[in-house]
Amino acid sequence: MIISSKAESLPSILRDFKKYTAKEIINTINRINESRKGWILEMFSEVADHLKRTSNFKVWQDGSHPEILLSTKFMEQKLDYPHNNPVSDEIVDEPEEYLYSSARDYYTKKRGYLELEFTHDVARKDL
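Note that this is a predicted model, so its numbers are computed, not measured.

(A) Examining the overall build of the protein chain more closely. Helix and strand content of the protein chain: four helices and zero strands. Starting at the N terminus and walking to the C terminus, you meet the elements of the protein chain as α-α-α-α. A separation threshold of at least 6 residues defines the contact pool for the protein chain, and within that pool the share at least 24 residues apart is 26%. Carbon and sulfur atoms make up 52% of the accessible area of the protein chain, which amounts to about 10300 Å² in all.

See below:
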């Protein structure tokens, strides 16, 4: 995830992101008809059993490894990695074909599902 904020601290943003998405992931798994539902919830539950602060499920690993993006080249490298994951996993042929990727915003004029705000020198690659 590449984020910046002037209003909130990055650790608090990441904490809130993990808390919200963990709840949504568990709710979605419980709501949909997923063949691996039992296995996934059991795995999340086993990890949570060893922790005092977690009640039922542990979705995210503890900690983060933030890196300051000081150069355009370094930021592009960090941005290209998640964009290319669906290609590496052979889900799509090109990064911008994956509907849930911001690559659509960077490589084409198509909008992705998330609204992006370009605040760094890294411009869309098609412009």
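Having put the structure on the table, let's press on.
(B) Region of the structure containing the confidence of the model for the protein chain. Averaged over the protein chain, the pLDDT score is 80; the fraction of residues at 70 or greater is 85%. No element of the protein chain has a lower mean pLDDT than helix α2 (residues 37–49), which averages 78, and none a higher one than helix α3 (residues 72–88), which averages 90.

(C) The arrangement of helix α1 (residues 10–31) in detail. Taking 1.5 Å as the rise per residue, α1 with 22 residues should run 32 Å; its terminal C-alpha atoms sit 31 Å apart, in good agreement. Every buried residue of α1 is accounted for by S12, K18, T21, A22, I26 and I29.

(D) Up close: α3. Between the first and last C-alpha of α3 there are 23 Å, a value that for 17 residues agrees with the 24 Å anticipated at 1.5 Å per step. M75, L79, H83 and P86 are the residues of α3 that are buried. For α3, the secondary structure elements touched by its buried residues are α4 (103–107). One or two steps after α3, the chain reaches E90, where phi turns positive at roughly 60°.

(E) Structural view of the pattern of salt bridges. Evaluation of the coordinates by the stated rule reveals two salt bridges. Of the charged contacts in the structure, one is a salt bridge between D16 and R15, with a shortest N-O distance of 3.0 Å. K78 is the salt-bridge partner of E67, the closest N and O atoms lying 3.8 Å from each other. In this pair, E67 sits in the loop between α2 and α3 while K78 sits in helix α3, placing the two residues eleven residues apart along the sequence.

(F) The arrangement of the side chain of S101 in detail. Looking at where S101 falls in the secondary structure, it is placed in the loop between α3 and α4. If we skip the residues at most four places from it in the chain, S101 touches H83, P95 and G112.

Cut-offs applied
- Numbering of residues starts from 1 in every chain and runs along the sequence as written.
- In keeping with the model being predicted, local features are shown solely for residues with a pLDDT of at least 70 and side-chain atom pairs are shown and tallied solely at 80 or more, while totals for entire chains, interfaces and linings include all residues.
- The side-chain numbers reported here are obtained from all heavy atoms of the structure, hydrogens and water having been left aside.
- Here a strand is any run of E in DSSP of at least two residues, a helix any run of H or I of at least four, and the numbering for each starts at the N terminus.
- It only takes one pair of heavy atoms within 4.5 Å for two residues to be counted as in contact.
- Values of accessible area rely on a 1.4 Å probe in the Shrake-Rupley scheme; residue burial ignores everything except the protein chains shown.
- Across the chain, each position has a pLDDT score giving the predictor's confidence in that residue, from 0 to 100.
- Between the first and last residue of a helix there are one fewer steps than residues, each counted as 1.5 Å, and that sum is the expected span.
- Think of it in three bands: with a 1.4 Å probe and only protein chains considered, a residue is buried below 20% of the maximum accessible area for its type, exposed above 50%, and partly exposed in between.
- When a carboxyl oxygen of Asp or Glu is within 4 Å of a side-chain nitrogen of Lys or Arg, the pair counts as a salt bridge.

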